[in-house]
Amino acid sequence: MLILRGNTLAEIARRNRQEIIKAGLSRRDLFKLGLITSGGYLVAKKGLSARASYADDNETCSSPPTRAFIELLPTPRDGTMPIQTPVTLNPTPTAAPNTAAGEGRTIAHQAFTTFPPKKFYGVTQKAGQVSVSPDLPLQTLWGYAVGTPSMNNPISVPGPLYVARYGEPILVRNFNQLPTNNGGFGKPSVTTHLHNGHTPSESDGNPIDFFEIGHFYDQHYPNVLAGFSTQPFAPTGDINEAMSTLWYHDHRVDFTSQNVYKGLAGFYLLFDQFDTGDEGTGFHLPSFPKFDIPMMFADKCFDRRTGLLFFDLFNLDGILGDKFTVNGKIQPVLHVSPRRYRFRWLDAGPSRFYQFFLTDLNHLSAHNLFWQISTGGNLLPKPIQVESIRLSVAERADVIVDFAPFAGRTLYIENRLQQTDGRGAMDHVILGAGRGNLVLQIVVDGPTVADNSVNPATGPQFYSLPSTSVTDPTVKPRVKRTFVFSDSDGGWQINERFFDGNHPRFTVQENSAEQWTLINDGGDWEHPIHIHLEEFQTLSINGRPPAASPLVTIGRQDVLRLEADAQATLFIRFRDFQGKYPMHCHNTIHEDHAMMLRFDVGPLGDTKQSP
Amino acid sequence: MIRDRYFPNLVLTTHEGRRVRFYDDLIKDRIVTINFMYTQCEDGRCPLTMANLVRVQKLLKDRVGRDIFMYSFTLTPDHDTPSVLKKYATAYGVGPGWTFLTGKPGDMERLRRKLGFAWANPIKDAKKASHTGNLRYGNEPLQLWSACPAMSRPEWIVESMSWLEGPKVDRAS
């Protein structure tokens, strides 16, 4: 019953939609029937979806049935999520673009001599056959393969995991070997963004720095702490800016949603002397990869007739799938031992908001608590005990779950946040335990093993939060800017303007701090807003300081969940590197429809307050 | 699959009174732009959008009608007959290669939804002007489809169109 429920709901929703369309109900009729809220959207009732207005059967997602919880979750622990390994690159990478050899980069590396790469990697983007479920045909996806094209490795979705360390700069030679025939969606012209990386502009994967089939692009990741170029943190940078869980994904302007949906995404983990990956040292966080497992959540839709991955090309609201993949498999299983684990959760989109709970189907009234140790993939000052975590697209959260009390039992990671269309989860309806989407089954049947990881209940301290204008009155933002995110009937706007990759809206002064206020001008949409180069801290949301409970909004983040009618003020620094960077909505459909702006970081900044 | 899902082969009439089939005559093997409009649009942005697209056409020069085809579909086919559309196009200085289309009301509504000029919010969806701001662009044989706001800077729209032509050179930025 569990397995079929999703499809049954979709069928009910489809019938409901048809009834409403046939009845030709007016807004007042819908109001009377209690089917519409004052905000204007349809209330989900027995599966009724707000996409009623779309009318066309074939535009609703109703994937074929698939059995749940029969395939294993791919993990670096089991070798089923490949880990990147260094290679020798020929020709040798150079600071200047090697155009003659076919490099697509057009700008010289700005930090190549300051942080000479110590390790060199190759990654090849190409098409490949991938299984997402034994009940669906093999899918032709686009992915990243370990190494250079001549190594001829298979792709994986998610792509290979990078295990990086602070103080160890790397260079990735990124090859585009994608096919011209896209199989229906996707643009074989790519730019790979290292999400949350403190990265020089030319290696950041800017949306307009794409390169074409047959070419490569050298990306230099210094793996350096922010603040290294100025006092008081020169020359090493501020340890309190250390990041842990990053990811990489395609960022091709206007085609990001299609390309990421097609498979172009993976994890990038950063370790240092505190977050070591060894539970015997540093902060004593569960050891990688045995007890440290990244999880990429992505909802997908498959064609009812062919069983092949379907992307709704002509959707403007945002796209929801009815199949929930974790690390590329639909509803997989993870076996664990009765001890503490670190999970790194990532919402890879394209448009879904999740709120994850730990559910025991035999004890539905239980509140299964766990520990959140990061927001935005950056460690919090100390662990916070939570019952659930809400994530919007591109947000990461690291958690520690102690499975010792659950020995011999089966748990589920369950999404209980109701969302009926791609605009957001505006009403924040939390479904009852066991009534949401069971995305991952966790069976606590592994052998009892030693646990030398820190017990979060003992209150270990991680990094302190860097100062802001609120915590330190001597820290003054150079400029206060305001950005209004709105819907303009055919694209999304920031400050009533659309994206134009050739023109920066404003210039930030390098090594300065700014205060930005982000405003969602309506109740009909939610926007996960992502800012490149450095993470921010939230100073206030809707007039209140960020919270540690029940949802954690404190910490260092690179995605601000701008919920319906919300207003948030952020403190953010722009240090160490110059060049162009974007701010954009990470609902990738909105991003591809112009909810993005370009800003530049340069020696002289401007003071535009509403750019 | 894209054709089955999005491009019904409906019979439409151009502003010059020619009967055409949507897929066979307008979309197949072509690079196209698609937008929706109506001549009696009361929203102040409609004339600005039209003027913007006229600038796009001018920037694309004689490529429009040769390897790029621009299409505007009416949201009010009862009013926007071929002759009304022709007057409208003439008034805005629309050049050759840009075709305005009307048809049976049910067909035009079906086309609008098929092409995704539609919103999940039924109140918003019911407003005709809410469907006039989007410009879809695509290359049918390469299955490349995206969209941009019709009020984007004309130069940026033209640059976006250049991405449809298959593998070429890397972008200098």
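## Topic: the overall build of chain B
Stage number 1. Counting secondary structure elements, chain B contains seven helices and seven strands.
Stage number 2. Moving toward the C terminus, one meets the helices and strands of chain B in the order α-β-β-α-β-α-β-α-β-α-α-β-β-α.
Stage number 3. Whereas a compact globule of 173 residues would reach a radius of gyration of roughly 16 Å, chain B reaches 15 Å, a difference of no more than 12%.
Stage number 4. Projecting the C-alpha coordinates of chain B onto the three principal axes gives extents of approximately 45 × 35 × 35 Å.
Stage number 5. Within the span of chain B, comprising 173 residues, buried residues form 43% of the whole.
Stage number 6. The contacts in chain B between residues at least 6 apart in sequence include a share of 69% that link residues at least 24 apart.

## Structural notes on the confidence of the model for chain B
Stage number 1. With 95% of its residues at a pLDDT of at least 70, chain B reaches an overall mean of 93.
Stage number 2. Interface predicted TM-score (ipTM) for the complex: 0.92; the corresponding pTM is 0.91.

## Re the nonpolar core
Stage number 1. Of all hydrophobic cores here, the largest spans 192 residues; its most connected members are Tyr-268, Met-296, Phe-297, Trp-345, Val-399 and Ile-529 of chain A.
Stage number 2. If we ignore the near neighbours within four places in the chain, the residues touching Val-399 of chain A are Phe-343, Trp-345, Phe-370, Trp-371, Gln-372, Ile-373 and Ile-389 of chain A.

## Side note on unusual backbone geometry
Trans peptide bonds make up the majority, and among non-glycine residues the majority have a negative phi.
All names here are of chain A.
Stage number 1. Cis geometry marks the peptide bond from Asn-90 to Pro-91; its omega dihedral reads 5°.
Stage number 2. Along the chain, Pro-91 falls in the loop between α2 (27-32) and β1 (119-130).
Stage number 3. Cis geometry marks the peptide bond from Gly-349 to Pro-350, where omega comes out at 15°.
Stage number 4. Following the sequence through the fold, Pro-350 ends up in the loop between β15 (340-347) and β16 (354-359).
Stage number 5. The backbone of Gln-331 shows a phi angle near 40°, a positive value even though the residue is not glycine.
Stage number 6. Note on Gln-331: 25 C-beta atoms within 10 Å, which makes it buried.
Stage number 7. Unusually for a residue other than glycine, Ala-594 sits at a positive phi of about 85°.

## A closer look at the pairing of strand β12 (residues 323-326) of chain A
Residue and element names in this part refer to chain A.
Stage number 1. Every second residue of β12 is oriented toward a common face, with Lys-323 and Thr-325 on one face and Phe-324 and Val-326 on the other, all of them buried.
Stage number 2. Looking at chain direction, strand β10 (residues 292-302) and β12 are connected through four bridges and run antiparallel. Looking at the pairing, Asp-299 lines up with Phe-324 of β12.
Stage number 3. The turn joining β12 and strand β13 (residues 329-330), which pair antiparallel and follow one another in sequence, is formed by two residues; a positive phi near 50° is taken by Asn-327.

## Concerning the sheet that holds strand β6 (residues 192-195) of chain A
All names here are of chain A.
Stage number 1. Strands sit in the order β4-β9-β8-β6 across an open sheet of four strands; the sheet is mixed. Two strands in the sheet have a free side with no partner beyond their single neighbour: β4 (162-165) and β6. Each strand axis lies, on average, 25° off the axis of its neighbour in the sheet, ignoring direction.

Reading the values: rules and limits
- Residues numbered from 1 in each chain as written.
- Chains lettered and ligands numbered in written order.
- Predicted model: local features only at pLDDT ≥ 70, side-chain atom pairs only at ≥ 80, totals over all residues.
- Helix = DSSP H or I, 4+ residues; strand = E, 2+ residues; numbered from the N terminus.
- Rg over C-alpha atoms; globule rule 2.2 N^0.38 Å.
- Buried ≥ 20, exposed ≤ 12 C-beta atoms within 10 Å, placed from the backbone.
- Contact = placed C-beta atoms within 7 Å.
- pLDDT = per-residue confidence, 0-100.
- Core = buried A, V, L, I, M, F, W, Y, C linked by C-beta atoms within 7 Å.
- Pairing = 2+ DSSP bridges.
- Axes fitted to C-alpha atoms, helices over the stretch in contact; angles between N-to-C directions.

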